[in-house]
Amino acid sequence: MLNDLWYKNAIVYCLSVGTFMDANGDGVGDFQGLIRRLDYLQGLGITTIWLMPFQPSPGLDAGYDISDYYNVDPRYGTLGDFAEFAHACHQRGLRVMIDLVVNHTSDQHAWFREARSDPDSKYRDWYVWSDKKPRNAQDGIVFPGVQKSTWTYDKQAALWYFHRFYDFQPDLNTANPHVQAEILKVMGFWIQLGVSGFRMDAVPFVISTKGAKVGKPVEQYNMLRTFREFLQWRKGDAIILAEANVLPDTDLEYFGDDGERLQMMFNFQVNQNTFYTLASADTAPLKKALLATRPRPATAQWGVFLRNHDELDLGRLSPEQRATVFAAFGPDPDMQLYERGIRRRIAPMLSGDRRRLELAYSLMLTLPGTPVFRYGDEIGMGDDLRLPERECARTPMQWSTEPHGGFTKHARPVARVISGGPYGYERVNVADQRRDPNSFLNWTERLIRMRREVPEISWGDFAVLRASRNDVLALRYDWRNNSVLCLHNFSAEACTVKFKSGCANPGEDILINLLSDDHSQVAPDGRHSVVLEPYGYRWYRIGGLDYLLKRSEV
Ligand code: NOJ
C-alpha cells in the first residue's frame, strides 16, 4: 500500500531535454540522447525524472512559452520518441513527470493568433483583454528589471492583453470553463502517453482571478480539487507537484485540509531559509521555517530542493537576511537577479568546497519531503555568467572530456558547454567522476541509496531537537516505532554538540551511524555528545543494543 503513494519516498531529478544529451549531432539535446542516458540516471538511484517543457515553443523562456500542448518540439524529436522514452523509463522502473505550463501560452500559439485577429473567434475569451490600458498595468511584475509591465497593447486586436510574465506569454483566462476543460485535456493526453504526474507551473497565478478590474487577485483554490480529481479518475496514482512560492499560512489551501487538492508543493520557505543558514550558520530561521511548514495532510508531501532552473529567490527573507546571503553567495551584482535572487549554480556559490556541498546535499536529502535534484549538480557543475538572466545555470550536461563535454558531436552546439576554469568540462564531468570512488558523483549515489532506505524521513513526523549549539541542526523523524536522527553542523569550526535524542529507554538510546561506523552511546546525564567536523553531518537510526547485537551476528 505504501508504494501506492510513490511520490512520498521518491528521488526526483529534473532536466531539460535540449541540454542533456544530443544523439543526432545537430547541437541540441534530444529524446534519443536522453534515452541513452537512462542507465546513468537509474544507476544514480533517482526514481523519477521531471522533464522541463519540451513541447513546440519559440523558446523565448526556455520552453515556458508553449505553442502546441499536444506535441514535441521537432528539435527534441517526435511524439514517437517521447513514447519510446516513456517506455524506456517504465522498463527501468523510473517514473516520468512533466511540466504543465497552463497559466499562459506563447503568443505564437494558434489560440492566441486566432484570438487576437478574430473578435468572433471562440478563442477571444481564452485570454484576458482590456480596451483601455488598465491602471494596474505596472502591478505584479514577476521579472523586475526585464519585464516592463503586465499589460501590453496588441495592434491586431486593438486591445490590451494581460501577461503575468513576459509580454510573449499572454495569460490564459483560466476562469473560462472551456479553458479549464482544455487544461484537463492536456493532462489527459500526457497521462495517456505514460507520465505519472505534472510539475504545475505558477499555480497561484493559474488559479487567480485575472482582469483589468481585478484589484487584488483572489485564488480560486477549488480549481485545484478539479485538477486532482480528474487526474485520479484517469490514473489513480498520478500527482501534481505545485510551483507555489506562498506563505505557510496558505499551504493547506493548496494541499486541502484532508489532502483533497494537490499532493505536492515545493517548499520555498525552507529553501530560502536553508540558504540563509548555509550563509550564516544561524539555524534559528530554518527551524522556524520547518515548523511553520510542518502541518500537512498525511498523504501530502513537500518537494525539497536547493537550486532549480530559476534564480534562487530570496524574496521571503528579511532585507538583512537577504543581504547576508547575497554577501556570502552572490556579492557581485551580476550574480544577482530580479532584485530578489541569485542566478548561480550551487557549486560555485559554495566556492566548490566539497565539505559545504556535502553538507548542503546531506541536508536536502534529510529535510522533510521528497528531494528534487537538478541535473549536473551531482557532479558539481558551474555556471556561465556571460549568459543572460537565468540562462547561466542552464548549460549542457558535462559527460566527459571529449569536445563539448561529450554533450554533442556538433561543432557549434546551440547552448555552449562550460569550458576552461574550475568548472569546465575538462575538470568537471561524469566520466572522470564515475571512475573515482571518492568523487562527488559517487558520494551522491551513496547518499541517495541510503536515503531510499530511510522512509522515516518521507513518511514520518519530525521534531526539531534542542541542541547545545545554534549552528547545529538536529532533526528526529519518527515513523512506525522507528526513529532516525540527523545532525548538520553549519559552522566552519569543528564542535561538540550535546542533545537528548528523545528516546524514552536509556538502554535503547544508541545512535547507529548509517553512513560510517562511529555510533553514539548515551552518557549518564541522558544526553548524547557528538563531535562534528567543520560542516560535518551524521545520519543515525535510533537503535537498541538489540540492533547492534543482531548486526554483529550477521
Ligand atoms: C516559473 C518557471 O519556473 C519559470 O522558469 C518561468 O519563466 C515562469 N514560471 C513562467 O512560466
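Residues numbered from 1 in each chain as written. Predicted model: local features only at pLDDT ≥ 70, side-chain atom pairs only at ≥ 80, totals over all residues. Heavy atoms only, no water.

### Topic: the environment of tryptophan 399
- Turning to its location among the elements, tryptophan 399 is positioned in the loop between β14 (370–374) and α14 (430–435).
- We classify tryptophan 399 as buried; its relative accessible area is 5%.
- Taking the C-alpha atoms as reference points, tryptophan 399 and glutamate 426, separated by 27 residues in sequence, lie 9.8 Å from one another.
- Among residues more than four places away in sequence, those in contact with tryptophan 399 are Phe20, Met21, Arg37, Tyr40, Gly405, Gly406, Phe407, Asn429, Val430 and Ala431.
- In terms of polar contacts, tryptophan 399 uses its side chain to reach the backbone carbonyl oxygen of phenylalanine 20, at 2.7 Å. (Helix = DSSP H or I, 4+ residues; strand = E, 2+ residues; numbered from the N terminus. Buried < 20%, exposed > 50% of the residue type's maximum accessible area, 1.4 Å probe, protein only. Contact = heavy atoms within 4.5 Å. Polar contact = N/O pair within 3.5 Å; in protein donor to acceptor, adjacent residues only side chain to side chain.)

### Things to note about the pairing of strand β18 (residues 495–499)
- The side-chain alternation of β18 yields one buried face, formed by Cys495, Val497 and Phe499, and one unburied face, formed by Thr496 and Lys498.
- Note that β18 and strand β21 (residues 528–532) share five bridges and pair antiparallel. Its bridge partner lying in β21, cysteine 495 is registered against leucine 532. (Pairing = 2+ DSSP bridges.)

### Description of the sheet that holds strand β12 (residues 336–337)
- Spatially, the three strands line up as an open sheet ordered β11-β13-β12, and their pairing is antiparallel. The sheet terminates laterally at β11 (312–313) and β12, the two strands that pair on one side only.
- As paired elements, β12 and strand β13 (residues 341–342) share two bridges and run antiparallel to each other. Of the residues in β13, the one forming a bridge with glutamine 336 is isoleucine 342.

### Side note on the site of the ligand
- Around the ligand, the structure places Asp61, Tyr64, His104, Phe143, Phe165, Arg199, Asp201, Glu243, His309, Asp310, Arg390 and Arg394.
- Within the side chain of histidine 104, one N or O atom sits 3.1 Å away from an oxygen atom of the ligand.
- Classifying every residue of the shell around the ligand gives three nonpolar, two polar and seven charged. (Near = heavy atom within 4 Å. Nonpolar A, V, L, I, M, F, W, Y, C, P; charged D, E, K, R; others polar.)

### Some details on unusual backbone geometry
- Non-glycine residue glutamate 389 carries a positive phi angle of around 40°.
- Looking at the element boundaries, glutamate 389 is found in the loop between β14 and α14.
- Among the residues examined, glutamate 389 registers a relative accessible area of 23% and is labelled partly exposed.
- One non-glycine residue with positive phi stands out, namely tyrosine 535, at about 55°.
- Tracing the sequence through the fold places tyrosine 535 in the loop between β21 and β22 (537–543).

### What about the state of the cysteines?
- Within the structure shown, the criterion is met by zero disulfides.
- A disulfide-free cysteine, cysteine 495 has its sulfur positioned 16 Å from the sulfur of cysteine 486, the nearest such atom.
- Cysteine cysteine 503 is unpaired, with the sulfur of cysteine 486 as its nearest cysteine sulfur at 16 Å.
- In this structure cysteine 503 comes out as partly exposed when scored by relative accessible area, which is 24%. (Disulfide = S-S within 2.5 Å.)

### As for the domain arrangement of the chain
- According to the domain assignment, the chain consists of domain 1 (2–102 + 177–267 + 299–452), domain 2 (110–162) and domain 3 (461–553).
- With centres defined by C-alpha atoms, the gap from domain 2 to domain 3 works out at 57 Å. (Domains from an automatic or database assignment.)

### Considerations on the nonpolar core
- Among the nonpolar cores identified, the biggest contains 147 residues, and Tyr13, Leu51 and Phe85 are the most heavily contacted of them.
- Apart from the residues lying within four places of it in its own chain, the contact partners of leucine 51 are Leu15, Val17, Phe31, Leu34, Phe82, Phe85, Met97, Ile98 and Asp99.
- Ranked by size, the runner-up nonpolar core spans 13 residues in total, among them Leu485, Leu487, Val497 and Tyr540. (Core = buried A, V, L, I, M, F, W, Y, C linked by side-chain atoms within 4.5 Å.)

### Regarding the packing of aromatic side chains
- Overall, the coordinates contain 42 aromatic pairs when judged by the stated rule.
- The interplanar angle of 90° and the centroid separation of 6.0 Å between the aromatic rings of tryptophan 6 and tyrosine 7 together place this pair among those described as edge-to-face. A single burial state applies to tryptophan 6 and to tyrosine 7, both of which are buried.
- Arranged with centres 6.2 Å apart and planes meeting at 55°, the rings of phenylalanine 462 and tyrosine 477 form a pair that is tilted. One end of the pair, phenylalanine 462, is in strand β15 (residues 461–464); the other, tyrosine 477, is in strand β16 (residues 472–479), with 15 residues separating them in the sequence. An identical accessibility class is assigned to phenylalanine 462 and tyrosine 477; each is buried.
- Linked through ring pairs, Phe31, Phe54, Tyr70, Phe82, Phe85, Phe189 and Trp190 together constitute an aromatic cluster.
- Lying across the ring of tryptophan 399, arginine 37 places its NZ or CZ 4.5 Å from the centre. (Phe/Tyr/Trp six-rings, centres within 6.5 Å; stacked < 30°, edge-to-face > 60°. Lys NZ or Arg CZ within 6 Å of the ring centre and 35° of its normal.)

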